[in-house]
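# Topology and contacts: notes
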Amino acid sequence: MSILSDRINNLAESATIKMAKLGRELAAQGVDVISLSLGETDFYTPDFVKEAAKKAIDQNYSYYTPVAGYPELRKAIATKLKRENNLEYNFDQIIVSTGAKQSLANIMMCLVNPGEEVIIPTPYWVSYSELVKVAEGKSVFIDTTIESNFKITPEELEAAITPKSKAFLFSSPNNPTGSVYSRDELAALVKVFEKHPNIYIISDEIYEHINFLDKHVSIAEFPSIKDRVIIINGLSKAYAMTGWRIGYSVSSKEIADACDKFQSQITSGTCSITQRAGLSAYEGGLETVKEMREAFLKRRNLVYDLLKDINGVKVNLPDGAFYFFPDISSFFGKAAPDGEIIKNADELALYLLNKGHVAVVSGDAFGDPKSIRISYAASEIKLKEALKRIKQALELLKEVKYVSAV
Ligand code: PMP
Ligand code: GLU
């Protein structure tokens, strides 16, 4: 019998992080592994942000910060929301944390009672359903398909709502599919939320700047539901600051105060140096972000062409983020050169790692067992080589010919 709590025994390890770990372990044995597993840009943090951090160290920003973040940083985020998203918030509605992941955890713990339902369209980012579990809530999934670009309809949303629904949780641009909801599509969902005033809308906008269609639209821009929207965002993607650990939530003051209280008991304010660096990022503008988006657009087009060229892979063109989520289920039931049968996406991802030396993530943990996630946050040279390896490895999978025993 395990000495550990049921809570931790029932929790899955983050699949993205697990796959990155397996890739690193193989690379440590001297294998030339290309990692397309972790959703992390390969760009460096902008120089002006690094300079601000160095200055902060010299200026002795080394003490505990307010739990919710330095007021000047929270004010800079409020200014960013006005400038970039045309959204009006007071700085005390913004709670800075150690990352968007922690902000999501704060919100789950502050909002969801045991047994309450959180509606999540699939595929979803791996941590969503697990965080709902930690809060003892119940995830209610709305399945989508590649044919509809992995987007839900208002009818599907309506059908998922029950008297126990507490929140709706989604990301646009989406991880893992790259799908982006247009203003019209969001407006149609808003009409449904207007009929259900007790549901909170948690909008994960961490990929807002990696949008190839248009300017980002936040669902908080719809005044009829704005006071029920909780925006989750951070600097990990926009400013290539994954390791610095900084994110934030934007919500009603009541929810913000609850997050502040929760954070005061589990982590306190995030790193003082990181906060000063984050302040400079928001004061510094979007030039580096634009360069990054252009590079991602070129990479997206490159990977799309290469994926379309592989027999048996079904793929759509994502409008944002830096992921492809191809359906690879046509390979299930086929045999690898060593005779092993590939039964599912988990096994296919492991096969691609061990045979092709490319790390990708199985769709299973994203709530879609037919697909794999490929992160294209890597150089074009690496992407070309990785896609060549994936193609070769998939071409080695053969139909199994059953021989009758009689
Ligand atoms: N939400 C989504 C959709 C993500 O892909 C990620 C991964 N970076 C996060 C939240 C968490 O980001 P952070 O590094 O800010 O914790
Ligand atoms: N969000 C990234 C991903 O989806 C980083 C890994 C993680 O935090 O799970 O790969």
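Residues numbered from 1 in each chain as written. Chains lettered and ligands numbered in written order. Predicted model: local features only at pLDDT ≥ 70, side-chain atom pairs only at ≥ 80, totals over all residues. Heavy atoms only, no water.

### Some points on the side chain of Q263
Note on placement: Q263 falls in helix α9 (residues 253–266). In this structure Q263 comes out as buried when scored by relative accessible area, which is 0%. Within the structure, Q263 has its side chain in polar contact with the backbone oxygen of V67 (distance 3.0 Å). In contact with Q263, not counting residues within four places along its chain, are V67, I95, V96, S97, Q102, N106 and S268. (Helix = DSSP H or I, 4+ residues; strand = E, 2+ residues; numbered from the N terminus. Buried < 20%, exposed > 50% of the residue type's maximum accessible area, 1.4 Å probe, protein only. Polar contact = N/O pair within 3.5 Å; in protein donor to acceptor, adjacent residues only side chain to side chain. Contact = heavy atoms within 4.5 Å.)

### Examining the site of ligand 1
Neighbouring residues of ligand 1: G99, A100, K101, W125, Y128, N175, D204, I206, Y207, S236, K237 and R245. With respect to ligand 1, the side chain of D204 contributes an N or O atom lying 2.6 Å from a nitrogen atom. Taking 390 Å² as the accessible area of ligand 1 by itself, protein coverage stands at 93%. When each cavity is represented as a set of grid points, ligand 1 is found to reside in the largest pocket. For the shell around ligand 1, the per-class residue count stands at five nonpolar, three polar and four charged. (Near = heavy atom within 4 Å. Areas by Shrake-Rupley, 256 points an atom, 1.4 Å probe, with all protein chains shown as cover. 1 Å grid on protein atoms, 1.4 Å probe; cavity = no way out; pocket = protein on both sides within 12 Å on 5 of 7 lines; lining within 4 Å. Sits in = over half its atoms within 2 Å of the grid points. Nonpolar A, V, L, I, M, F, W, Y, C, P; charged D, E, K, R; others polar.)

### Notes on the site of ligand 2
Contacts to ligand 2 come from S14, T16, I17, L38, G39, K101, W125, N175, K237, Y323 and R373. At 2.6 Å from an oxygen atom of ligand 2 is found a side-chain nitrogen or oxygen belonging to T16. N175 is positioned with one of its side-chain polar atoms (N or O) 3.0 Å from an oxygen atom of ligand 2. In isolation ligand 2 offers 280 Å² of accessible surface; the protein chains occlude 86% of this area. Placement of ligand 2 is best described as lying within the largest pocket. Looking at side-chain class alone, the shell around ligand 2 contains four nonpolar, four polar and three charged residues.

### Examining the environment of S371
By secondary structure assignment, the location of S371 is in the loop between β13 (361–362) and β14 (372–375). Exposure remark for S371: the relative accessible area of 2% places this residue in the buried category. Each C-alpha atom of the pair S371 and E117 lies 26 Å from the other, and the pair is 254 residues apart in sequence. Every residue in contact with S371, bar those within four places of it in the chain, is listed here: F325, P326, D327, I328, A345, S362 and G363. At a separation of 3.4 Å, a polar atom in the side chain of S371 contacts the main-chain carbonyl oxygen of P326.

### Topic: the side chain of S179
Considering the arrangement of structural elements, one finds S179 in the loop between β5 (165–171) and α8 (183–195). On the basis of relative accessible area, S179 is assigned to the buried category, the value being 5%. Polar side-chain contacts of S179 include one of 2.6 Å to the backbone oxygen of N149. Beyond its immediate sequence surroundings of up to four residues, S179 is in contact with N149, F150, K151, S172, P173 and N174.

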